[in-house]
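# Descriptive analysis of the structure
Given next are the chains, with one letter for each unit.
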Amino acid sequence: MADELLALVLIDRKTATCADLDPYEREGIPVPTPSYREVIVDGSGNPRCDVEHTDVFIRTFESVDATFARGEGECDISLENWRHEHEQFCRRISVFRRDGLLVCKRFSVVEKQEPTEMAS
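Cut-off values and rules
- Residues numbered from 1 in each chain as written.
- Predicted model: local features only at pLDDT ≥ 70, side-chain atom pairs only at ≥ 80, totals over all residues.
- Heavy atoms only, no water.
- Helix = DSSP H or I, 4+ residues; strand = E, 2+ residues; numbered from the N terminus.
- Rg over C-alpha atoms; globule rule 2.2 N^0.38 Å.
- Buried < 20%, exposed > 50% of the residue type's maximum accessible area, 1.4 Å probe, protein only.
- Contact = heavy atoms within 4.5 Å.
- Areas by Shrake-Rupley, 256 points an atom, 1.4 Å probe, with all protein chains shown as cover.
- Lys, Arg positive; Asp, Glu negative; His and termini not counted.
- Charge placed at Lys NZ, Arg CZ, Asp CG, Glu CD.
- Phe/Tyr/Trp six-rings, centres within 6.5 Å; stacked < 30°, edge-to-face > 60°.
- 1 Å grid on protein atoms, 1.4 Å probe; cavity = no way out; pocket = protein on both sides within 12 Å on 5 of 7 lines; lining within 4 Å.
- Points joined across faces, edges and corners; volume = space filled by probe spheres on them.
- Nonpolar A, V, L, I, M, F, W, Y, C, P; charged D, E, K, R; others polar.
- Core = buried A, V, L, I, M, F, W, Y, C linked by side-chain atoms within 4.5 Å.

A word on the overall build of the chain. Within the chain, the secondary structure is distributed over four helices and four strands. Helices and strands appear in the chain in the N-to-C order α-β-α-β-β-α-α-β. In terms of overall size, the chain behaves like a compact globule, its C-alpha atoms giving a radius of gyration of 15 Å where 120 residues would be expected to give roughly 14 Å. Each of the three principal axes of the chain carries a C-alpha extent, and together these read 50 × 35 × 25 Å. Counting the 120 residues in the chain, one finds 32% classified as buried. Excluding contacts between residues fewer than 6 apart, the proportion of contacts in the chain whose partners are at least 24 apart in sequence is 70%. Surface exposure of the chain reaches about 7,500 Å², of which carbon and sulfur atoms provide 51%. Side chains of the chain carry 15 positive and 24 negative charges; the gap between the two charge centres is 4 Å.

Spelled out as C-alpha cells, the structure:
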C-alpha cells in the first residue's frame with residue numbers, strides 16, 4: 001500500500017492525507033503545522049520524497065469535504081468513495097467512529113529522490 005500511495009504522491013495526484021487524532025493525543029505527538037516537512041518512504045523504508053505541509057486542520061470524519069477527498073487522490077476520488085475506503089481501512093486497523101477526529105494535511109512535494117539500488 002505504501003508504494004501505491006507513494007506513486008500517487010510522485011505524480012502529484014495525491015496532495016492530501018489524514019490520520020486519526022487519537023494516537024497524537026495518546027502518545028503526546030504534536031500535530032504537524034503548515035510548513036512542517038517530512039520524508040515519505042517507500043514500502044522498503046527508502047526515502048523517496050520530501051513534502052511540506054501547506055495546510056493542517058482537524059475535522060470529524062463526517063465533515064471531510066469533497067475537495068479534501070479529491071486531494072487524497074485515491075480510487076475514483078469521489079467523496080463517497082473516500083468515505084467508504086477510509087471507513088474500511090479504519091475498521092481494519094482500529095475502531096471506526098463517524099464522529100472521530102482526523103488530522104487532515106495538505107502537502108506539496110519539495111524534493112524527489114531516486115530509489116536506491118540494493119547491494120548484491
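Every buried residue belonging to helix H1 (residues 2–10) is among Leu6, Leu8, Val9 and Leu10, and all of these are buried. Among the structural elements, strand E2 (37–41), strand E3 (47–60) and strand E4 (101–112) are those in contact with the buried residues of H1. Count one or two residues on from H1 and you reach Asp12, which has phi positive near 60°.

Turning our eyes to something else, we now look at the packing of aromatic side chains. Tallied over the entire structure, the rule returns three aromatic pairs. For the pair Phe57 and Phe68, a centre-to-centre distance of 5.7 Å together with 75° between the ring planes defines the contact as edge-to-face. Of this pair, Phe57 sits in strand E3 while Phe68 sits in helix H3 (residues 66–72), and the two are eleven residues apart along the sequence. In this structure, Phe57 and Phe68 share a single accessibility class: buried. Through a chain of ring-to-ring contacts, three or more aromatic side chains come together here, namely Phe61, Trp82 and Phe96.

Okay, empty space enclosed by the protein next. Under the criterion given, the structure shown has one cavity of 30 Å³ or more. When its volume is computed, the largest cavity comes out at roughly 30 Å³. Tallying contributions element by element places helix H4 (residues 79–93) first for the lining of the largest cavity, with four residues.

Taken as a whole, the largest pocket holds about 1,100 Å³ of empty space. If you trace the largest pocket, you find 40 residues lining it, with Leu5, Thr17, Cys18, His86 and Phe89 closest to the centre. Among the secondary structure elements, those contributing two or more residues to the lining of the largest pocket are H1, strand E1 (16–20), helix H2 (22–27), E2, E3, H4 and E4. When grouped by side-chain class, the residues that make up the lining of the largest pocket number 23 nonpolar, five polar and twelve charged.

One finds Cys18, Phe61, Val64, Phe68, Trp82, Leu102 and Cys104 to be the most contacted residues of the largest nonpolar core, which totals 13 residues. Mapped onto this core, the elements with two or more residues apiece are E1, H3, H4 and E4. Residue contributions to this core peak at three residues, all from H4. With near-sequence residues (within four places) excluded, Trp82 lies in contact with Cys18, Phe61, Val64, Ala69, Glu72 and Leu102. Counting seven residues, the second-largest nonpolar core is a separate cluster that includes Val9, Cys49, Val51 and Phe107.

From the geometry alone we can't say anything about function, so treat these as descriptive.
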